[in-house]
Amino acid sequence: MIYDNLALANALIFDNAYHILKQRMDIGTVSHSQLDMSLAVPVAVNCSFSCEMLLKSMLPIGTRGHGINDLFTQLTTSEQSGIVDGTMQLLRLHKTDYTTENFYSDLNHHDKAFIQWRYFHEKHDGNLNFNILFMEYFHETLKALALFYNKNPEV
């Protein structure tokens, strides 16, 4: 169920920015453009913030916090299972041995991704890692669920 339509609208704005930036970053990777490859930081910020807002859209209005794992655990068990299954199905197209344990490990690793990458210039110690494949598929699964709920409010 979508509780917060404003959070959903905000998530979709950041989703759009994420996709535009990721496309440009991917082009830069092929053309070896350092400037375009450096878009990895805003890609991580926009993707993780969109995930956060998608999760918040499915939680009561006023839900606070930046931890995507914390927000994820506030969803119903059924919603959590659907997100885990959807994300794993996509990831297994690339890594056939991807497990539920891998999912929860990746989710925990990216729990504070928005904060870590938003303040990249302050906290960069060489240990930041953003698994773009996990976050992209987690994000796409969240978006699909949120848009389904938005079109089917009776569910």
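Everything numeric in this text was worked out from a predicted model, so none of it was measured.

Caption draft 1: Representation of the confidence of the model for the protein chain. When the pLDDT values of the protein chain are averaged, the result is 92; 94% of them are 70 or greater. The lowest-confidence element of the protein chain is helix α8 (residues 120–123), averaging 68 in pLDDT; the highest-confidence one is helix α5 (residues 77–91), averaging 97.

Caption draft 2: Summary view of the nonpolar core. One finds L55, M58, F72, F103, F134, F138 and L142 to be the most contacted residues of the largest nonpolar core, which totals 40 residues. Listed by contribution, the elements that provide at least two residues to this core are α1 (5–31), α3 (40–57), α4 (68–72), α5, α6 (100–109), α7 (113–118) and α9 (132–151). Broken down by element, the residue count for this core peaks at nine residues, all from α3. Residues within four places of F134 in sequence aside, it is in contact with T87, L91, Y98, F103, D106, L107 and H110.

Caption draft 3: Just the pattern of salt bridges, in detail. Inspection of every chain in the model, using the stated rule, returns eight salt bridges. The residue E52 makes a salt bridge to K56 at a minimum N-O spacing of 2.8 Å. You can see E52 and its partner K56 sitting in helix α3, four residues apart, about one turn around the helix. In this pair, the class of E52 matches that of K56, namely buried. Through salt bridges with shared partners, one network takes in D15, E140 and K143.

Caption draft 4: Representation of a nonpolar patch on the surface in the model. Among the surface-exposed residues, M1, Y3 and I61 lie close enough to one another that they form a single nonpolar patch of about 320 Å² accessible area. Given a relative accessible area of 42%, Y3 falls into the partly exposed group.

Caption draft 5: Spatial organisation of the state of the cysteines. Enumeration over the complete set of coordinates arrives at zero disulfides. There is no disulfide at C47, and the cysteine sulfur nearest it, in C51, is 4.5 Å away. For C47, a relative accessible area of 0% puts it in the buried group. Overall, C51 belongs to the buried group, its relative accessible area being 0%.

Caption draft 6: Spotlight on the environment of S57. Following the sequence through the fold, S57 ends up in helix α3. With a relative accessible area of 0%, S57 lands in the buried category. A C-alpha to C-alpha distance of 27 Å links S57 and L39, two positions 18 residues apart in sequence. If we skip the residues at most four places from it in the chain, S57 touches M1, I2, Y3, D4, A7, L8 and A146. In this structure the side chain of S57 is engaged in a polar contact, spanning 2.6 Å, whose partner is the backbone oxygen of L54.

Caption draft 7: Just the packing of aromatic side chains, in detail. Inspection of the entire model under this criterion finds ten aromatic pairs. Both rings, one in F72 and one in F103, keep their centres 5.9 Å apart while their planes meet at 55°; by these two values the pair is tilted. Here F72, found in helix α4, pairs with F103, found in helix α6; they are 31 residues apart in sequence, far enough to count as distant. Each member of the pair, F72 as well as F103, is classed as buried. Between F134 and F138, the ring centres sit 5.6 Å apart and the planes meet at 10°, which makes this aromatic pair stacked.

Quick notes on the rules
Sequence positions are assigned chain by chain, starting from 1 and proceeding in written order. It should be noted that, the model being predicted, local features are given only for residues of pLDDT at least 70 and side-chain atom pairs only at 80 or more, the latter also being counted only at that level, while totals for whole chains, interfaces and linings use all residues. Computation of side-chain values covers all heavy atoms of the structure but excludes hydrogens and water. A score from 0 to 100, pLDDT tells how confident the predictor is in each residue. A run of H or I in DSSP counts as a helix once it spans at least four residues, and a run of E counts as a strand once it spans at least two, with each numbered from the N terminus. Put simply, buried Ala, Val, Leu, Ile, Met, Phe, Trp, Tyr and Cys residues joined by side-chain atoms within 4.5 Å make one nonpolar core. Partly exposed describes any residue whose relative accessible area lies between the buried limit of under 20% and the exposed limit of over 50%, with all areas from a 1.4 Å probe on protein chains only and scaled to the type maximum. Between two residues, a contact is recorded if the distance between any of their heavy atoms is within 4.5 Å. Counted as salt bridges are all cases of a side-chain nitrogen of Lys or Arg within 4 Å of a carboxyl oxygen of Asp or Glu. A residue counts toward a patch only above 30% relative accessible area and without a salt bridge, and it is joined to like-charged neighbours within 9 Å or, for Val, Leu, Ile, Met, Phe, Trp and Tyr, to nonpolar neighbours within 5 Å. Surface accessibility in these figures is a Shrake-Rupley result with a 1.4 Å probe; residues are shielded only by whichever protein chains are displayed. By disulfide we mean two sulfur atoms from cysteines, separated by a distance within 2.5 Å. Under this definition, polar contacts are N or O atom pairs within 3.5 Å; protein pairs additionally need one hydrogen-donor-capable and one acceptor-capable atom, and for neighbouring residues in sequence, both atoms have to be side-chain atoms. Each aromatic pair joins two rings of Phe, Tyr and Trp (for Trp, the six-membered one) with centres within 6.5 Å, and gets the label stacked for planes under 30 degrees apart, edge-to-face for over 60, and tilted for any other angle.

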